[in-house]
Amino acid sequence: MAISDVKEYAHLTDADVEAIGHELDAIRREIEAARGEKDARYVRNTIRFQRTLEAVGRTTMLASNNRVAWWAGSAMLGVSKIVENMELGHNVMHGQWDWMNDPEIHSTSWEWDNTGPSEHWKQTHNYIHHKYTNVLGMDDDIGYGLIRVTRDRKWTPFNAGNLVYNTLLMLLFEYGVAVQHLELGKVAKGRVSKEETRRKLAEVGEKVGKQMLKDYALTPAVSSLSPAASFRKTLTANLMANVIRNVWTNAVIFCGHFPDGAEKFTRHDLKDETQGQWYLRQMLGSANFEAGPALAFMSGNLCYQIEHHVFPDLPSNRLAEISVKVRALCEKYDLPYTTGSFPAQYAKSWRTIAKLSLPDKFLKATADDAPETASERRFGGNTTAVVDPATGRRKGLLSAIAESKSGRGLRARFGRR
C-alpha cells in the first residue's frame, strides 16, 4: 500500500500533525469570515452565464440543418453542461453557497443536469468519497469498481480491459455517476436488501428518464418546428453536448485522483484518525493541475483538487487564494504538493491505467516503488524525522521522495524485485 501509516510515513510528529490541523483551521476561519457580496455576485453571474449560454445554444439549434449551426450549438450546449455540472452543480451540492441562505443556490434544493439524482451523488461523493478519500475498500472512486488503478488490487483477467472500460466510462460518465450509488457489486453479493435496491433503481430510472426526455425528445421536437432544423439533427447535437461534458468531466476528475503522487491508503489509516490526520490524508491523496482563470472556471476550480479536498464546502472561487497558503504549509512541513500541467497529469492517469491492465509479472516496479506510489517501504523503512543541520528545518516526505527519485540509495536499500 502506498501509505500504511500516514504520520510516521510523512516523518511528522503528533505535534506536527496537530499544528498542521490548527493552521488549516485558521485558513478556514479566515475565508469564512471574508465571504460576502463579491462571492455571491460570482455565483449569481455564473448562473446567468450558464443559462444564457444554454438559451443561445438552444436557439442556434433552430438552424440545426446547417452544419456550422449544428457544431456551434453543440459546442455551446456542451460548455453550458460543463459549467452547470462542475462550477455549479458539484459545488452548490457541496454546500459551498449555503451561507447565502438563498433557496435557489442551496445544497438541499439544487438538482443538476445529470442522469444521477443529486441525493444519490451527495451520498456517494460528499460523504463516502470525501470522508474515505483513496482508502482501498472504502472509496468507490478508486477505479469506480471497473478500473484497476493501484497495484494493491490483485490483477484478474477482467483488468485486461482497463483501457476499454475507461474509454466507455469517459464517454458515458453521467451514467457511471447514476449507477455508482446502486452499489451493484454489493447487490450481486446479497449485501443490499432488495427493497433498497428497488427504491434506488426507481429513483435512478426516474432521473434518467427525465434527462433523456429533455435531451432526446422534447428539445428536438421543439427545434423541428423550425423549417431550418430537424428532430434528428437536434437530437444528435444534444448527444454530442453530453459527450463533450462527459469526456471533460472525466478528464478533470481523473487528473485530481490518479496521476503520480495521489496516494492510496488502507483502512488501518482510519483507526482513531484525528482532524489533523484527515487533513493530511486529503493533502497526500489528491493532485492539482496548473490552470489560468479560464481553465480553472471550466474545471469547476477542481484544478485545486487538494484545496477542495481539504475544504470541500468553501466557495470554489476562493480556492486559488487558499492554494497559496496550502502550498506554503506543505513547504513548511516538507510535504509534497502534487501538481503539473493538465496534459501531463491526464497522461499520467492513462499511463497508470494502461500499465495496470497487465499482470504484475509484466511490470518492473512494485506497489512500493512504482512511479504512481510512494510507499514507506520505498525509503528502506526510514520513517523517522530528520532535522536538516543547515537550515534547522524538519526533513520530511518531500525530501525523501526527491532523494529516492535521484536514485540515491534506492536500489541499494530497496532493490528491484
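Residues numbered from 1 in each chain as written. Predicted model: local features only at pLDDT ≥ 70, side-chain atom pairs only at ≥ 80, totals over all residues. Heavy atoms only, no water.

1. A short note on the overall build of the protein
Turning to step 1, where the next piece is worked out: Within the protein, the regular secondary structure consists of 17 helices and 2 strands.
Turning to step 2, where the next piece is worked out: Rg of the C-alpha trace for the protein: 23 Å, near the compact-globule value of 22 Å for 417 residues, within the 12% margin.
Turning to step 3, where the next piece is worked out: Residue pairs at least 24 apart in sequence account for 72% of intrachain contacts in the protein once pairs closer than 6 positions are excluded.
Turning to step 4, where the next piece is worked out: Accessible surface, the protein as shown: approximately 18,500 Å² in total, 61% of it carbon and sulfur.
Turning to step 5, where the next piece is worked out: Within the protein, one finds 55 positive and 49 negative side-chain charges whose respective centroids are separated by 6 Å. (Helix = DSSP H or I, 4+ residues; strand = E, 2+ residues; numbered from the N terminus. Rg over C-alpha atoms; globule rule 2.2 N^0.38 Å. Contact = heavy atoms within 4.5 Å. Areas by Shrake-Rupley, 256 points an atom, 1.4 Å probe, with all protein chains shown as cover. Lys, Arg positive; Asp, Glu negative; His and termini not counted. Charge placed at Lys NZ, Arg CZ, Asp CG, Glu CD.)

2. Some points on helix 5 (residues 118-131)
Turning to step 1, where the next piece is worked out: Listed in full, the buried residues belonging to helix 5 are Ser118, His120, Trp121, Lys122, Thr124, His125, Ile128, His129 and His130.
Turning to step 2, where the next piece is worked out: Against helix 4 (67-93), helix 7 (173-180), helix 9 (194-223), helix 10 (231-257), helix 11 (275-285) and helix 13 (305-310) lie the buried residues of helix 5. (Buried < 20%, exposed > 50% of the residue type's maximum accessible area, 1.4 Å probe, protein only.)

3. Focus: helix 3 (residues 37-60)
Counting along an α-helix, one turn takes 3.6 residues, and residues three or four places apart therefore face a common direction.
Turning to step 1, where the next piece is worked out: Between its first and last C-alpha, helix 3 extends 34 Å over 24 residues, near the 34 Å set by a 1.5 Å rise per residue.
Turning to step 2, where the next piece is worked out: The complete set of buried residues in helix 3 reads Asp39, Ala40, Val43, Thr46, Ile47, Gln50, Leu53, Gly57, Arg58 and Thr60.
Turning to step 3, where the next piece is worked out: Those residues of helix 3 that are buried lie in contact with helix 2 (14-34), helix 4, helix 9, helix 10 and helix 12 (293-298). (Expected span 1.5 Å × (residues − 1).)

4. A few points about the packing of helix 4 against helix 10
Turning to step 1, where the next piece is worked out: Look at helix 4 against helix 10: their axes get within 8 Å of each other, and the N-to-C directions meet at 40°. Taken together, helix 4 and helix 10 sit at an angle that is classed as oblique. Judged by the twist between their axes, the crossing of helix 4 over helix 10 is right-handed. Facing Trp70, Trp71, Ser74, Ala75, Leu77, Gly78, Lys81, Ile82, Asn85 and Met86 of helix 4, the residues of helix 10 in contact are Lys233, Thr236, Ala237, Asn238, Met240, Ala241, Asn242, Ile244, Arg245, Trp248, Thr249 and Val252.
Turning to step 2, where the next piece is worked out: Split into classes, the residues belonging to the contact of helix 4 with helix 10 amount to 12 nonpolar, 7 polar and 3 charged. (Axes fitted to C-alpha atoms, helices over the stretch in contact; angles between N-to-C directions. Parallel < 35°, antiparallel > 145°, perpendicular 65-115°, else oblique. Left-handed = near helix turned anticlockwise from the far one by under 90°. Nonpolar A, V, L, I, M, F, W, Y, C, P; charged D, E, K, R; others polar.)

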